[in-house]
Amino acid sequence: MAKIQNSRDVSLAKATAQVHQQIEALYRCESRRVFATLLRLLGDFQLADEALQDAFTAALKQWPLDGVPANPRAWLVSTGRFKAIDGLRRQSRFVQGIDELADQLEVDTPDFVAYADEDIEDDRLRLIFTCCHPALAEESRVALTLREICGLSTEEIASAFLSRPTTIAQRIVRAKAKIRDARIPYQIPSAAELPERINAVLQVLYLMFNEGYSASSGANITRADVSAEAIRLAELLLNLNRDSSADTEIAGLLALMLLQESRRAARTDAQDELVLMADQDRRLWNSEYIDKGVALVRRALKDGRFGPYSIQAAIAAIHAESTSAETTDWHEIVGLYDVLLRLNTSPVIALNRAVALGMRDGPAVGASAVDEIYEAGDLADYHLLHAARADFKRQLGQYQPAFAAYKEALGYARQMPEIRFLEKRIAEMQAKLTK
Amino acid sequence: MKYLCLVYGEEAKIAAMDDAECMSCVEGLLESGHFIAGEALQPVETATTLRIRNDKTTFTDGPFAETKEQLAGFYLLEARDLNEALDKAAKIPPARVGSIEVRPIRQLQPA
C-alpha cells in the first residue's frame, strides 16, 4: 500500500474504505438479484456470472471516486450488461458470429433506467422456476438454487448435503449445460402449468430453509440469511397468483417456515448452546412471525385442499400458541401427525409422532414407540432417533441404556451445539451411573 | 429450435394403438406449425445394425440394443423452448403406454 502523506490522503483512504464496506454489504444482499436480472438480459449463466463480477469490480474502482450512485442495483445491472456486450465485441475479432450476438443483446435488452423493483422480483421468480425445472435432476435443482439464488459456495452446499464439493460442482455444471443446450426457458410458468411446477419449488425452498435453520454441520446451528431467503421466496410465490390451487400449500409452507423461524432466538443461549423447545424462554419467540404464521395456517386449513406442509404448520402453530410444554395440546398434535402419516409414510414423521405420544401419555409409552422405529432399523444413522430414545430412557431412570443411546446419537451428530449438548448429557449419565 | 421426440415402448402395446389417433396427432402438430417430420417404424425384427471397425463393415440382425422398450417412431418438432417441446410431446399418443425421449437437435459446427 502507498504511504499516506497528509491528512487529505488519510480522509480519502477512510472514505474509500467506507465505500468498499458498502459494496461488500451490497454484494452480500444484492448480488443474487443483480445476477437474476443479468441472466434475463444476457440469457446465459456464464455470461451473467462474468458480468456480475465485472460490475462489482467496476464499482470498487469508480464509486470511491464518483460516489455511490442513487440506485446501486440499477447501476450494477447496467454496468454488467455493458461489460458483457463490450466483452463480446472484443472477442468478436477471434470468434465469428459473436458480433451479431452482441448487436442482438444491445437491441433486445432495454435500458436499465426502466427497471422497476417488480421486474427485479419477477427476475428472481424466473430464476427459481428455471433452477427448479422438473427436467433437471432433483439433486441438481437443490444445488443450483442454493448456488444461484442464495449464493452459497459449492463447499457450503457439499457440507449441507454430505457430498464432496466436486460432486456438487459437477451437478451444477451439468444442470447449467442442460438449461442452455435443451433451452429450458427463463420464465414464470403460466397459471395452467403452475400447480405442476410449484411442488418442485416448494420442496427446494423447504430444504433451503432447513439448511439455514439447522445447518447440518459446522459451528453454528442457524444461518439466518438462508432461511430468510426461503421465507422471502415463498412470500413471492404466494403473491404470484392468488387463484391457483397450489396456493394452499404455498401458504402452508410459508406458515411452517415462519413458525419455526419464530423460535430462532430461543433455540440457543448466550453461550451458543442448544436449548430444547421444552426449555426455551417463550418470551423470546417472535410474536410477529407467529401471528403471520397462525393466520396463514387458518387460511390453508379452511381451504380444504391442504397437504403435508399445511398440516406440519398446524402442528407448529399449536406449539407457538402454547405457554409451556406441559400446557401444549398433545392430543391434537398426535392427531395431526396421524393425518400426516396417512398422506406421507415417512419414518421421520413416525419419530415425531412417537415423541408427541410420549408427551401425551408419558415417557414409557414414548420409549416403546421410539424403540419400535429403532428395532425396525429405520433411521439407524439419524442422530435424533437415538437422542429421542436416550431422552425417554433418561426420564424413566434407565441411565445405562440412556448413556448408550446418547453415545450412539453423538456418533451421528454433526453440528457443534448438538455435539456439545449430547456430550453434556453423556457426562450427566456417567455421573448418575458412578454414584 | 428443433427437438427430436423418440417414441419408445413395448412393441405389442404400441401396435395395439389405433393409427388414426397418431395421424390426428400429426395433423394437429402440422396445423400449429410444430411438425417438421415424423414416422412410425416397422418392428425391431426388421432392423439391421451396421458397424465399421478396422475398415471392415459388419451387419447384425436386430436392433442396436435388446431392451424391453424399443424405438417405435419419431417426431421432429419445431418449438420455442423445452417447455413447448414437452407440452407437444405430451400429446403423442404412445406417451400413455410407453415413453417419449425429448432431445434438442445439435447444430453441426465444422471446423
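Residues numbered from 1 in each chain as written. Chains lettered and ligands numbered in written order. Predicted model: local features only at pLDDT ≥ 70, side-chain atom pairs only at ≥ 80, totals over all residues. Heavy atoms only, no water.

### Examining the overall build of chain A
Helices and strands together make up the secondary structure of chain A, namely 20 helices and 0 strands. If one aligns the C-alpha atoms of chain A with their principal axes, the spans along those axes are about 80 × 65 × 40 Å. Scored against the burial criterion, the 435 residues of chain A give a buried share of 48%. Sequence-distant contacts, at least 24 apart, represent 63% of the contacts inside chain A between residues at least 6 apart. In chain A, 52 positive and 61 negative side-chain charges are present, and the distance between their average locations comes to 3 Å. (Helix = DSSP H or I, 4+ residues; strand = E, 2+ residues; numbered from the N terminus. Buried < 20%, exposed > 50% of the residue type's maximum accessible area, 1.4 Å probe, protein only. Contact = heavy atoms within 4.5 Å. Lys, Arg positive; Asp, Glu negative; His and termini not counted. Charge placed at Lys NZ, Arg CZ, Asp CG, Glu CD.)

### A short note on the packing of aromatic side chains
Residues and elements named next belong to chain A. One pass over the structure, following the stated rule, counts 6 aromatic pairs over all chains. Ring centres of Tyr206 and Tyr309 lie 5.7 Å apart, and the angle between their planes is 80 degrees; this geometry places the pair in the edge-to-face category. Taken together, the residues span a long stretch of sequence, with Tyr206 in helix H9 (residues 194–213) and Tyr309 in helix H14 (residues 308–320) at a distance of 103 residues. Its relative accessible area of 15% is what places Tyr206 among the buried residues. (Phe/Tyr/Trp six-rings, centres within 6.5 Å; stacked < 30°, edge-to-face > 60°.)

### So, the nonpolar core
Leu76, Leu127 and Leu237 of chain A together with Tyr75 of chain B are the most contacted members of the largest nonpolar core, which totals 130 residues. Counting residues in hydrophobic clusters, the runner-up holds 14 residues, among them Ala409, Ile419, Ile426 and Met429 of chain A. (Core = buried A, V, L, I, M, F, W, Y, C linked by side-chain atoms within 4.5 Å.)

### Some thoughts on the environment of Leu343 of chain A
Residues and elements named next belong to chain A. Its location among the elements puts Leu343 in helix H15 (residues 330–343). On a C-alpha basis, the gap between Leu343 and Tyr289 in space is 27 Å, while along the polypeptide they are 54 residues apart. Setting aside residues up to four positions removed in sequence, Leu343 forms contacts with Gly307, Pro308 and Ile311.

### Section: H14 of chain A
All names here are of chain A. For H14, which comprises 13 residues, the first-to-last C-alpha distance of 18 Å matches the rise-based estimate of 18 Å (1.5 Å per residue) to within 8%. When we look at burial in H14, the residues that qualify are Tyr309, Ser310, Ile311, Ala313, Ala314, Ile315, Ala316, Ala317, Ile318, His319 and Ala320. Elements in contact with the buried residues of H14: H9, helix H11 (247–261), helix H13 (287–303) and H15. (Expected span 1.5 Å × (residues − 1).)

### Some thoughts on the interface of chain B and chain A
Each partner contributes to the interface: chain B provides 8 residues, whereas chain A provides 10 residues. For the chain B and chain A pair, buried surface summed over both sides reaches about 720 Å², with 53% attributable to carbon and sulfur atoms. If you sort the residues of chain B by the area they bury against chain A, Met1, Leu82 and Asn83 of chain B come out on top, with a joint share of 63%. The tally of links from chain B across to chain A stands at 0 salt bridges. Counting across the chain B and chain A interface gives 4 residue pairs in polar contact (both at pLDDT 80 or more). If you tally residues by element for the side of chain B that touches chain A, the top one is helix H3 (residues 82–89) of chain B, at 3 residues. For the side of chain B that touches chain A, a count of residues per class yields 5 nonpolar, 1 polar and 2 charged. (Buried area = accessible area lost by both parts, 1.4 Å probe. Salt bridge = Lys/Arg side-chain N within 4 Å of Asp/Glu carboxyl O. Polar contact = N/O pair within 3.5 Å; in protein donor to acceptor, adjacent residues only side chain to side chain. Nonpolar A, V, L, I, M, F, W, Y, C, P; charged D, E, K, R; others polar.)

### Some words on the UniProt feature "domain: YCII-related" (unreviewed entry) in chain B
As annotated in UniProt, the feature "domain: YCII-related" (unreviewed entry) corresponds to residues 1–107 of chain B in the numbering used here. Across residues 1–107 of chain B, helical content stands at 24% and strand content at 38%; the span's end C-alpha atoms are separated by 10 Å. (UniProt positions renumbered as here; feature names shortened; annotations may be inferred.)

### A short note on a nonpolar patch on the surface
Taken together, the side chains of Leu50, Ile52 and Phe59 of chain B make up a nonpolar region of the molecular surface, amounting to roughly 340 Å² of accessible area. Mapped onto the secondary structure, Leu50 of chain B falls in strand S3 (residues 48–53). (Patch = residues over 30% accessible without salt bridge, like charges linked within 9 Å, V, L, I, M, F, W, Y side chains within 5 Å. Areas by Shrake-Rupley, 256 points an atom, 1.4 Å probe, with all protein chains shown as cover.)

### Focus on helix H18 (residues 383–395) of chain A
Because an α-helix completes one turn every 3.6 residues, residues spaced three or four positions apart along the sequence face the same direction. All names here are of chain A. The end-to-end C-alpha separation of H18 is 18 Å, in line with the 18 Å expected for 13 residues at 1.5 Å each. The buried fraction of H18 amounts to 10 of the 13 residues, a majority that puts the element mostly inside the structure. Listing the buried residues of H18 in full gives His383, Leu385, His386, Ala387, Ala388, Arg389, Ala390, Asp391, Phe392 and Lys393. Where H18 is buried, its residues meet helix H16 (347–361), helix H17 (363–376), helix H19 (399–412) and helix H20 (416–434). Count one or two residues on from H18 and you reach Gly397, which has phi positive near 80 degrees.

### A closer look at the sheet that holds strand S1 (residues 2–9) of chain B
Residue and element names in this part refer to chain B. Here 4 strands make up an open sheet; going across it, the order is S2-S5-S1-S6 and the pairing antiparallel. Two strands close off the open sheet at either side, each with one partner strand: strand S2 (35–40) and strand S6 (99–104). Put simply, the sheet's adjacent strands are angled 20 degrees from each other on average, direction ignored. Of the strand pairs in this sheet, S2 and strand S5 (residues 70–78) are connected by 5 bridges, and their pairing is antiparallel. Note that in S5 the partner of Gly38 across the bridge is Tyr75. With respect to the sheet, H3 is in contact with S1, S5 and S6, its orientation differing from that of S6 by roughly 155 degrees. (Pairing = 2+ DSSP bridges. Axes fitted to C-alpha atoms, helices over the stretch in contact; angles between N-to-C directions.)

### Structural notes on unusual backbone geometry
Residues and elements named next belong to chain A. Of note, the phi angle at Arg183 is positive, near 55 degrees, even though the residue is not glycine. Of note, Arg183 is situated in the loop between helix H8 (165–181) and H9. Judged by its relative accessible area of 38%, Arg183 falls in the partly exposed class. With a phi close to 55 degrees, Leu379 is a non-glycine residue in the positive phi region. Mapped onto the fold, Leu379 is located in the loop between H17 and H18. Exposure remark for Leu379: the relative accessible area of 15% places this residue in the buried category.

### Focus: the pairing of strand S4 (residues 56–61) of chain B
All names here are of chain B. Burial analysis of S4 places just 0 of its 6 residues in the buried class, a small minority of the element. Taken together, the 6 bridges between S3 and S4 define a ladder with antiparallel strand orientation. Counterpart to Arg53 in the pairing with S4 is Lys56. Counting the residues in the hairpin turn of S3 and S4 gives 2 residues, including Asn54, whose phi is positive at 50 degrees.

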